[in-house]
Amino acid sequence: MLSRPRVALVTGATSGIGAAFARALADRGWDLVLVARDRERLGRMAAEPEFRGRAVEVLPADLAERADVARVAARLEDSARPVDMLVNNAGFGVRAPMTSADSTPHDRAIEVMGRAVLVLAGAAGRAMRVRGHGAVVNVSSTAGFVTMGSYSAVKAFVTSLSEGLANELHGTGVTVTALCPGWVRTEFHTRAGIGSSRIPDFLWLDARRVVETALRDVRRGRVISVPSFRYRLLIWCTRRLPRRAVRWISRRISSGRNDSLTH
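An account of the accompanying structure is given in this report. Just so it is clear, the model here is predicted, and its values are computed rather than measured.

## As for the pairing of strand β6 (residues 174–179)
Then, in step 1: With 5 of 6 residues buried, β6 is to be regarded as a mostly interior element.
Then, in step 2: Across 6 bridges, strand β5 (residues 134–139) lies against β6 in parallel orientation. Bridging from a neighbouring strand, G134 pairs with V174 of β6.
Then, in step 3: On the question of chirality, the crossover connecting β5 to the parallel β6 by way of helix α5 (residues 149–168) is right-handed.
Then, in step 4: Pairing geometry for β6 and strand β9 (residues 224–225), over 2 bridges, is parallel. Within the sheet, the bridge partner assigned to L179 lies in β9 and is S225.

## Observations regarding a positive patch on the surface
Then, in step 1: A surface patch of positive charge is lined by R243, R244, R247 and R251.
Then, in step 2: Topologically, R243 is positioned in helix α9 (residues 243–259).

## Looking at the sheet that holds strand β1 (residues 7–11)
Then, in step 1: Taken in spatial order, the 7 strands line up as β3-β2-β1-β4-β5-β6-β9 in an open sheet, and their pairing is parallel. The sheet is open, and its two edges are formed by β3 (56–60) and β9, each paired on a single side.
Then, in step 2: Packed on one face of the sheet, helix α3 (residues 66–76) meets β1, β2 (31–36), β3 and β4 (85–88) and runs near 155° to β3.

## A short note on helix α7 (residues 207–220)
Then, in step 1: Compared with an ideal rise of 1.5 Å per residue, which puts 14 residues at 20 Å, α7 spans 20 Å between its outermost C-alpha atoms and is within 8% of the ideal.
Then, in step 2: Turning to α7, its buried residues are A207, V210, V211, T213, A214, L215, D217 and V218.
Then, in step 3: Taking the backbone nitrogen of R208 as reference, a side-chain oxygen 3.1 Å away marks D206 as the first, capping residue of α7.
Then, in step 4: G221 sits one or two positions beyond α7 and adopts a positive phi of about 75°.

## Focus: the nonpolar core
Then, in step 1: F21, L25, L32, M85 and L179 are the most contacted members of the largest nonpolar core, which totals 40 residues.
Then, in step 2: The dominant element in this core, judged by the number of residues it contributes, is helix α1 (residues 16–27), at 8 residues.
Then, in step 3: Beyond its immediate stretch of four places on either side in the chain, F21 contacts V10, V87, V137, V139, L179, V211, A214 and L215.
Then, in step 4: The next biggest cluster of nonpolar side chains, apart from the first, holds 34 residues, and it includes L59, L63, A109 and V112.

## Let's talk about the packing of helix α4 (residues 104–131) against α5
Then, in step 1: Remark: α4 packs on α5, axes separated minimally by 10 Å, with the N-to-C direction vectors making an angle of 10°. Taken as axis vectors, α4 and α5 run roughly parallel relative to one another. The residues of α5 that touch α4, namely those facing H106, A109, I110, M113, G114, V117, L118, A121 and R129, are S150, Y151, V154, K155, F157, V158, L161, L165 and E168.
Then, in step 2: In terms of residue class, the contact of α4 with α5 is built from 12 nonpolar, 3 polar and 3 charged.

Criteria and thresholds
Residues numbered from 1 in each chain as written. Predicted model: local features only at pLDDT ≥ 70, side-chain atom pairs only at ≥ 80, totals over all residues. Heavy atoms only, no water. Buried < 20%, exposed > 50% of the residue type's maximum accessible area, 1.4 Å probe, protein only. Helix = DSSP H or I, 4+ residues; strand = E, 2+ residues; numbered from the N terminus. Pairing = 2+ DSSP bridges. Right-handed = clockwise from strand over helix to strand, strands pointing away. Patch = residues over 30% accessible without salt bridge, like charges linked within 9 Å, V, L, I, M, F, W, Y side chains within 5 Å. Areas by Shrake-Rupley, 256 points an atom, 1.4 Å probe, with all protein chains shown as cover. Salt bridge = Lys/Arg side-chain N within 4 Å of Asp/Glu carboxyl O. Lys, Arg positive; Asp, Glu negative; His and termini not counted. Charge placed at Lys NZ, Arg CZ, Asp CG, Glu CD. Contact = heavy atoms within 4.5 Å. Axes fitted to C-alpha atoms, helices over the stretch in contact; angles between N-to-C directions. Expected span 1.5 Å × (residues − 1). Polar contact = N/O pair within 3.5 Å; in protein donor to acceptor, adjacent residues only side chain to side chain. Core = buried A, V, L, I, M, F, W, Y, C linked by side-chain atoms within 4.5 Å. Parallel < 35°, antiparallel > 145°, perpendicular 65-115°, else oblique. Nonpolar A, V, L, I, M, F, W, Y, C, P; charged D, E, K, R; others polar.

Shown next as structure tokens:
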């Protein structure tokens, strides 16, 4: 047992799955380091009644900026203020086609959801390994098992990275879990400009239940966490289909979005 409160650092903590993680961990008695770009939203989040009685540190950072990533990594490696769980959640949808002349959205996606995940998970892993305990949660996506543009590619990277890091830290007392949800009811799709009206109701997940599943799987030491039986079944099938079938399914899912894209 620790003689101090456990501390979790959550990126993308002001909305969606990140906010659900922060609230669930506070409810379990964890202190928090909340990371997001918007300082005002961080302040409002930290002042919520759910965090009363918990120590909440806010750390404004844009994870597309490498200097900001380095600051968050330094916080994870601060031995005077140890972090027991990292939730790498910051992310966004990518609507731009890969054939667009402007690669900026893809560059930013790779920085925030690729490089930053690698750097922060590595920093957390180094610090936690020395102490002999800790958990890293990288929020990936079921999109990483299909072929829907650069978002799928980045999320496939996150899942594979998590499995590799879990191997590297095996036996150290530090666990690594890739959380791979499907469609979750948050502001994620609206902010990305992605239409969601064609998605069947039964495929939508609640952010709080996604987090409950993730935290249960972290306790069990699971490396891949896929919330809900229906998504576990879908991913089981996807992994066994021929790749041409996966590409066909991906085209069908993406068709509604692509029709509205400006090339």
